[in-house]
Amino acid sequence: MATIVACYKWVLDEEDLVINPDRSIDVSHARGKISEFDKSAIEATMQVAAQTGDATATLTFGTPDVRKSLKDALSRGPATGYWVGDAAACDADALVTSQVLASAIRTIDGTSLVICAEGASDTYARQIAPRVGALLDWPTVTSVIEMKVEGDSITATRKLDGCLETVTVNRPCVIAVLPAGYEPPIPGLKAVLSAGKKPLHELGIAELGCDPAPAAKVLSSQGFIANRRNVIFVDGDASDKVTSLVSALKKEGMLS
Amino acid sequence: MVNTAKKFVEKEVAPVALQVDETGEFPGQLFKRAGELGFLGITMPEQYGGLGLDFTTAALIYEEIAKSLPVLTVNMGAHAELAGGLLNMLGTPEQKEKYLTKLCSGEYIFACGSTGPEGGDNHVEHAANAVLDGDEYVINGNKVLVSNIGVADVYIIFIKTSEVDPITRDGISAFIVDKNTSGLTIGSYERKLGWHGSATGTISFSDMRIPKDHLLGPEGKCMQATAVSCTNEFLICGPVGLGMAEAAYQMAFDYSMSRIQHGVPMYDRFQVTKFKLVKMRTMIEELRAFVYGTLADKDAGNLELCEGRMLKIRGAEVAEEVAREAIQIYGGVGCIDETGVERFWRDAKVLAIGGASIEALQDFIGTMMRYGKYPLA
């Protein structure tokens, strides 16, 4: 039986991040969660599996803390969880992450489709799907909002700037989905309970033969603070107010 | 588990909570979703579609929902704790297969009719009665203040089948009544102070004939099981009161921090505001300890019936006082329904009466104390 693998990232909950006055970011109280966009990837996996009857699995790479994500991921439907937990994930760049994921995918029997989110909710770098596809030498289709599967053929609708594009691709392949079309449902209590009984497979970076040293290193992170102008346009009718707003935005260089 | 409830509340309940309060319409879509998510059979056996979990888990779910839409917990409590508890304790395997599975999934909505127009909760005085005629019972009378009427697919009712023993309450029987039964009349919804959306009203029986196999439990002997299912519902009122108090407190705290008076947040300007919030918070933490301590006793099989009743009393009292003080902190704005804080006080007031009034519960506890049934440990 073919297997569909949903990849996801365990990220810090952005609601728990605190921007200090010096713009440094306090993550000390931040809890982890599955990237919101990646929940859509898992949902897409379940929707495709409902069409094909294929087996389903999740795969994630993160620090040892990522183990906390497994129950949540599996409560969303997939039957098996694969995870690579290593402290090196803390500094991993897109190259390392995609190498680890691609190597792990090679160990999962029958994988014919990998579904990722277009980007993760922390960095939104949009690199993982194309890189994993390249490393596996599989075609990659990005920005997907809808898929129909017939045998090995997938017809996907891509949402691009200003248009929708329909493409077909044969499995094995990698698909990156956008949240639109794959709204993740809330897992019910039965699904949460059964998730704890599903099989888990821990994989190690060494056994996958990956080098965890990143090529790109993050030197610093600074929070972004929105500065409000506190300008309220009150003169004239609605049309005048909109005209004043547009003029002000042009003056600020926000509109050309 | 709690995260599931939090997400449900955040994404689906909160956006329509004020609308349900305003229209008073039974929140059918939310009730259906509660069934899909497993909230209607938390403590029911897995064999019949439940989750087989403990009351502490159920309480955590009820607490979360009560923070946003208390009336949904009323709909759920009447369905799952009252009707579900009775079906689970008294039902035959066939009755459980037919009804309990659909109760857990939410496919059927259940209501429970106990209170009579005469005598309130004193079944000795109730006029509604059932007479066995061949293979059918013929039922006449009324039940009042029944929640989930009109929307319910099945009603569990308590009816006199013989003279009622004032001590043991033997003589009362429970029956399963399908909504389309001839002779069953559903009254209109009562307009109430709070619990808008509970679909509460009167159901009447006029020569209503129901098959003998719709008797739930042994004839004339359902009150012991009823005492247990009522206690379970009273237990749930503790976390419901807690959730309501937490919501009202949080709204008042946030308002006091954002409302600028004399150039500073109201919280910093007025000592009285701080003290009110500290008192509210203290009551909440006291209630939380009482709720989850008592539920731990329940889950360990050590629950005192009196403590189950105390939980409802204290839950309602704390919710009412905290919500009242929250309105006070808001001032005039708190009296405007769009603000959303005053509905917690209205719902808390009904919680202090609906299902069993604080005074009725105190009377029970007082009697137990009088006869040495509830000594200090």
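Residues numbered from 1 in each chain as written. Chains lettered and ligands numbered in written order. Predicted model: local features only at pLDDT ≥ 70, side-chain atom pairs only at ≥ 80, totals over all residues. Heavy atoms only, no water.

### Some points on the pattern of salt bridges
Item 1. Enumeration according to the criterion identifies 32 salt bridges over all chains in this entry.
Item 2. Between Arg209(B) and Glu136(B) there is a salt bridge, with its nearest N and O atoms 2.7 Å apart. One end of the pair, Arg209(B), is in strand β7 (residues 201–211); the other, Glu136(B), is in strand β3 (residues 136–146), with 73 residues separating them in the sequence.
Item 3. Assessed through its relative accessible area of 37%, Arg209(B) is described here as partly exposed.
Item 4. The network of salt bridges with shared partners includes Asp13(A), Glu14(A), Lys33(A), Glu36(A) and Lys39(A). (Salt bridge = Lys/Arg side-chain N within 4 Å of Asp/Glu carboxyl O. Helix = DSSP H or I, 4+ residues; strand = E, 2+ residues; numbered from the N terminus. Buried < 20%, exposed > 50% of the residue type's maximum accessible area, 1.4 Å probe, protein only.)

### Some points on the interface of chain A and chain B
Item 1. Between chain A and chain B, the contact holds 10 residues from the first and 16 residues from the second.
Item 2. Summed over both sides, the interface of chain A with chain B buries roughly 1,000 Å², with 69% coming from carbon and sulfur.
Item 3. Taken as a group, Ile186(A), Leu189(A) and Leu193(A) account for 62% of the area that chain A buries against chain B, more than any other trio of residues on that side.
Item 4. Viewed at the interface, chain B and chain A are joined by one salt bridge.
Item 5. In this structure, Lys11(B) engages Glu183(A) in a salt bridge whose closest nitrogen and oxygen atoms are separated by 3.9 Å. (Contact = heavy atoms within 4.5 Å. Buried area = accessible area lost by both parts, 1.4 Å probe.)

### Observations concerning the domain arrangement of chain B
All names here are of chain B.
Item 1. When cut into domains, chain B gives domain 1 (2–109), domain 2 (111–219) and domain 3 (224–370).
Item 2. Taking the mean C-alpha position of each, domain 1 and domain 3 sit 21 Å from one another.
Item 3. Tallying the contact residues gives 25 residues for domain 1 and 28 residues for domain 3.
Item 4. For the pair domain 1 and domain 3, the two sides together bury roughly 2,100 Å², of which 67% comes from carbon and sulfur.
Item 5. It is Asp21, Phe55 and Glu63 that lose the most area in domain 1 upon contact with domain 3, and together they represent 26% of the buried surface on that side.
Item 6. In this structure, Asp21 engages Arg346 in a salt bridge whose closest nitrogen and oxygen atoms are separated by 2.7 Å.
Item 7. Where domain 1 packs against domain 3, one counts five residue pairs in polar contact (both at pLDDT 80 or more).
Item 8. Among the elements of the structure, α1 (2–23), α3 (55–66) and α4 (70–90) are those that each provide at least two residues to the side of domain 1 that touches domain 3. (Domains from an automatic or database assignment. Polar contact = N/O pair within 3.5 Å; in protein donor to acceptor, adjacent residues only side chain to side chain.)

### Brief notes about the domain arrangement of chain A
Item 1. Segmentation of chain A into domains returns domain 1 (3–208) and domain 2 (226–256).
Item 2. If you average the C-alpha positions of domain 1 of chain A and of domain 2 of chain A, the two centres end up 41 Å apart.

### Observations regarding the environment of Tyr155(B)
Residue and element names in this part refer to chain B.
Item 1. Tracing the chain through its elements places Tyr155 in strand β4 (residues 154–160).
Item 2. C-alpha of Tyr155 to C-alpha of Ile203: the two residues are 48 residues apart in sequence and 9.5 Å apart in space.
Item 3. Excluding its chain neighbours within four sequence positions, the residues that come into contact with Tyr155 are Ala111, Asn148, Ile149, Gly150, Phe175, Ile176, Val177, Lys179, Leu184, Ile186 and Ile203.
Item 4. A polar contact of 2.9 Å, which involves the side chain of Tyr155, links it to the backbone nitrogen of Gly150.

### With respect to the pairing of strand β10 (residues 153–160) of chain A
Both faces of the sheet carry side chains from a regular strand, because those side chains alternate between them.
Residues and elements named next belong to chain A.
Item 1. Here strand β9 (residues 140–150) pairs with β10 via six bridges, running antiparallel. Its bridge partner lying in β10, Glu146 is registered against Thr157.
Item 2. In this structure, the hairpin formed by β9 and β10 is closed by a connection of two residues, where Gly151 is found at a positive phi of approximately 60 degrees.
Item 3. A loop of two residues connects β10 with strand β11 (residues 163–170), the two strands running antiparallel in sequence, and Gly162 in this loop sits at a positive phi of about 80 degrees. (Pairing = 2+ DSSP bridges.)

### A few points about the sheet that holds β11(A)
Residues and elements named next belong to chain A.
Item 1. Taken together, nine strands build an open sheet; the order of strands is β11-β10-β9-β12-β8-β1-β6-β7-β13 and the sheet is mixed. Two strands close off the open sheet at either side, each with one partner strand: β11 and β13 (200–203). Looking at each pair of strands side by side, their axes are set apart by 30 degrees on average, direction ignored.
Item 2. Lying on the sheet, helix α1 (residues 36–52) is in contact with β1 (3–8), β6 (55–62), β8 (111–117), β9 and β12 (173–177); it crosses β1 at an angle near 170 degrees. (Axes fitted to C-alpha atoms, helices over the stretch in contact; angles between N-to-C directions.)

### Re the packing of helix α6 (residues 223–258) of chain B against helix α8 (residues 271–299) of chain B
All names here are of chain B.
Item 1. Remark: α6 packs on α8, axes separated minimally by 10 Å, with the N-to-C direction vectors making an angle of 155 degrees. Taken as axis vectors, α6 and α8 run roughly antiparallel relative to one another. In terms of crossing hand, the pair formed by α6 and α8 is left-handed. In contact with Asn232, Leu235, Gly238, Pro239, Gly241, Leu242, Ala245, Glu246, Tyr249, Ala252, Phe253 and Ser256 of α6, α8 contributes Thr273, Leu277, Met280, Arg281, Ile284, Leu287, Arg288, Val291, Tyr292, Thr294, Leu295 and Lys298.
Item 2. For the contact of α6 with α8, the per-class residue count stands at 14 nonpolar, six polar and four charged. (Parallel < 35°, antiparallel > 145°, perpendicular 65-115°, else oblique. Left-handed = near helix turned anticlockwise from the far one by under 90°. Nonpolar A, V, L, I, M, F, W, Y, C, P; charged D, E, K, R; others polar.)

### Quick notes on the environment of Glu97(B)
Item 1. With respect to the helices and strands, Glu97(B) occurs in helix α5 (residues 93–105).
Item 2. Exposure remark for Glu97(B): the relative accessible area of 47% places this residue in the partly exposed category.

### Examining the side chain of Ser198(B)
Residues and elements named next belong to chain B.
Item 1. You can see Ser198 is positioned in the loop between β6 (184–189) and β7.
Item 2. Of the polar contacts made by the side chain of Ser198, one reaches the side chain of Lys192; its length is 3.0 Å.
Item 3. If near-sequence neighbours (up to four positions away) are discounted, Ser198 is found in contact with Val71, Val74, Asn75, Ser147, Asn148 and Lys192.

### Some words on unusual backbone geometry
Item 1. Arg171(A) connects to Pro172(A) through a cis peptide bond whose omega is 0 degrees.
Item 2. Backbone geometry at Trp195(B) places phi at a positive 55 degrees, although glycine is not the residue there.
Item 3. Considering the arrangement of structural elements, one finds Trp195(B) in the loop between β6 and β7.
Item 4. Relative accessible area serves as the criterion here: at 10%, Trp195(B) is assigned to the buried category.

### Comments concerning α1(B)
Item 1. The largest bend in α1(B) is about 55 degrees, located at Val13(B), with the proline Pro15(B) one to four residues further on.
Item 2. The complete set of buried residues in α1(B) reads Thr4(B), Ala5(B), Phe8(B), Val9(B), Val13(B), Ala17(B), Val20(B) and Asp21(B).
Item 3. Among the structural elements, α5 (189–195) of chain A together with α2 (28–36), α3, α4 and α10 (342–351) of chain B are those in contact with the buried residues of α1(B).
Item 4. A positive backbone phi angle near 75 degrees is found at Gly24(B), which sits one or two residues after α1(B). (Bend = angle between axes of the 7 residues up to and from the residue.)

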